[in-house]
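What follows is the residue order along each chain.
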Amino acid sequence: GASVSLSSDGNTAIVGGHFDGGRTGAAWVFTLSGGVWTQQGSKLAGTGATEDAQQGASVSLSSDGNTAIVGGPTDSSTGAMWVFTRSGGVWTQQGSKLVGTGATGDARQGASVSLSSDGNTAIVGGSADNNFTGAVWVFTRSGSVWTQQGSKLVGTGATGAAHQGTSVSLSSDGNTAIVGGLNDNSTTGAMWIFTRSGSVWTQQGSKLVGTGA
């Protein structure tokens, strides 16, 4: 229950347990049929993980519930993500673990994850990148192959150790992303919006800070 996500119809749930197996971590999938929830298959644990990966610290499902991404922010310190797909009720890891390029130091990639509705775009937060400035990485899927899209994204105007990537979310079409940085400006916090045109991501406006905090 460290992280949870639902399919669009509410009939598939994924649940992360990042301390499972001595903090290797894992995720579990449940499905709803006739008002009854049942675990679907065994727990999901990505291959190639280090002992302290903490898989399941973040999870996200595609709209149809057939693609899942699982973050492990302490895998080899840099962090990593694993993608799983479902076919006929069976879950299988898709490719090797994903690690974004250009990370600086203990990035903690996988601190947060989000998928577009079709499951073909993923955004991954690394809140400790570059001495806790933080950053996010975008990956896209073509067929069954995942590729990083562009360089890591870092919002402008951050103040201090912003922890960008503490939280992330993608729009349904995957073309708009919001990135949270809870420690920006001495824990006031802020948000950054990025939009995609073609395959290029650009920050939209200045960072957002709510009034009345």
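Definitions and cut-offs
- Residues numbered from 1 in each chain as written.
- Predicted model: local features only at pLDDT ≥ 70, side-chain atom pairs only at ≥ 80, totals over all residues.
- Heavy atoms only, no water.
- Helix = DSSP H or I, 4+ residues; strand = E, 2+ residues; numbered from the N terminus.
- Rg over C-alpha atoms; globule rule 2.2 N^0.38 Å.
- Buried < 20%, exposed > 50% of the residue type's maximum accessible area, 1.4 Å probe, protein only.
- Areas by Shrake-Rupley, 256 points an atom, 1.4 Å probe, with all protein chains shown as cover.
- Lys, Arg positive; Asp, Glu negative; His and termini not counted.
- Charge placed at Lys NZ, Arg CZ, Asp CG, Glu CD.
- Phe/Tyr/Trp six-rings, centres within 6.5 Å; stacked < 30°, edge-to-face > 60°.
- Lys NZ or Arg CZ within 6 Å of the ring centre and 35° of its normal.
- Pairing = 2+ DSSP bridges.
- Axes fitted to C-alpha atoms, helices over the stretch in contact; angles between N-to-C directions.
- Contact = heavy atoms within 4.5 Å.
- Salt bridge = Lys/Arg side-chain N within 4 Å of Asp/Glu carboxyl O.

1. Some remarks on the overall build of the protein chain
Part 1 of the reasoning: The number of helices and strands found in the protein chain is 3 helices and 16 strands.
Part 2 of the reasoning: Relative to the compact-globule value of 17 Å for 213 residues, the protein chain shows a C-alpha radius of gyration of 16 Å, a close match.
Part 3 of the reasoning: On the principal axes, the C-alpha backbone points of the protein chain span a range of 50 × 35 × 35 Å.
Part 4 of the reasoning: Expressed as a percentage of its 213 residues, the buried residues of the protein chain come to 46%.
Part 5 of the reasoning: Within the structure as shown, the protein chain displays about 9200 Å² of accessible surface, and the carbon and sulfur contribution to it stands at 50%.
Part 6 of the reasoning: In the protein chain, 9 side chains carry a positive charge and 11 a negative one; their mean positions are 2 Å apart.

2. Digging into the packing of aromatic side chains
Part 1 of the reasoning: Tallying each qualifying case throughout the model produces 0 aromatic pairs.
Part 2 of the reasoning: Directly above the ring of Phe19 sits Arg23, whose terminal nitrogen or CZ lies 4.1 Å from the centroid.

3. Topic: the sheet that holds strand β16 (residues 200–203)
Part 1 of the reasoning: Read from one edge to the other, the open sheet built from 4 strands follows the order β13-β14-β15-β16, with strand pairing classed as antiparallel. A single partner strand is all that each edge strand has here, and the edge strands are β13 (164–170) and β16. Ignoring which end each strand starts from, the neighbouring axes of this sheet average 30° apart.

4. Some remarks on the environment of Gly1
Part 1 of the reasoning: Secondary-structure assignment places Gly1 in the segment before β1 (3–6).
Part 2 of the reasoning: Residue class for Gly1 comes out exposed when judged on its relative accessible area of 79%.
Part 3 of the reasoning: Along the primary structure Gly1 and Gly205 are separated by 204 residues, whereas in three dimensions their C-alpha atoms are 35 Å apart.
Part 4 of the reasoning: With residues near it in sequence (within four places) discarded, Gly1 still touches Val15 and Gly16.

5. Some thoughts on the pattern of salt bridges
Part 1 of the reasoning: Taken as a whole and judged by the stated rule, the model has 4 salt bridges.
Part 2 of the reasoning: Put simply, Asp75 and Lys97 hold a salt bridge, and the shortest N to O gap is 2.6 Å. Placement of the pair is Asp75 in the loop between β6 (67–72) and β7 (80–87) and Lys97 in the loop between β8 (90–93) and β9 (109–115), with a sequence separation of 22 residues.
Part 3 of the reasoning: Residue Lys152 pairs with Asp129 through a salt bridge whose shortest N-O separation is 2.7 Å. Remark: Asp129 occurs in helix α2 (residues 129–132) and Lys152 occurs in the loop between β12 (145–148) and β13; sequence separation between them is 23 residues.
Part 4 of the reasoning: The partly exposed category is assigned to Lys152, whose relative accessible area is 23%.

6. Concerning the pairing of strand β15 (residues 190–197)
Consecutive residues of a regular strand have side chains that alternate between opposite faces of the sheet.
Part 1 of the reasoning: Pairing between strand β14 (residues 176–181) and β15: 6 bridges, direction antiparallel. Within β15, the position partnered with Ala177 by the bridge is Phe194.
Part 2 of the reasoning: Sheet topology places β15 next to β16; 4 bridges connect them, and they run antiparallel. Bridge pairing in β16 places Phe194 opposite Gln203.
Part 3 of the reasoning: Where β15 folds back onto β16 in an antiparallel hairpin, the turn is made up of 2 residues, including Gly198, whose phi is positive at roughly 65°.

In short, geometric facts, not functional conclusions.
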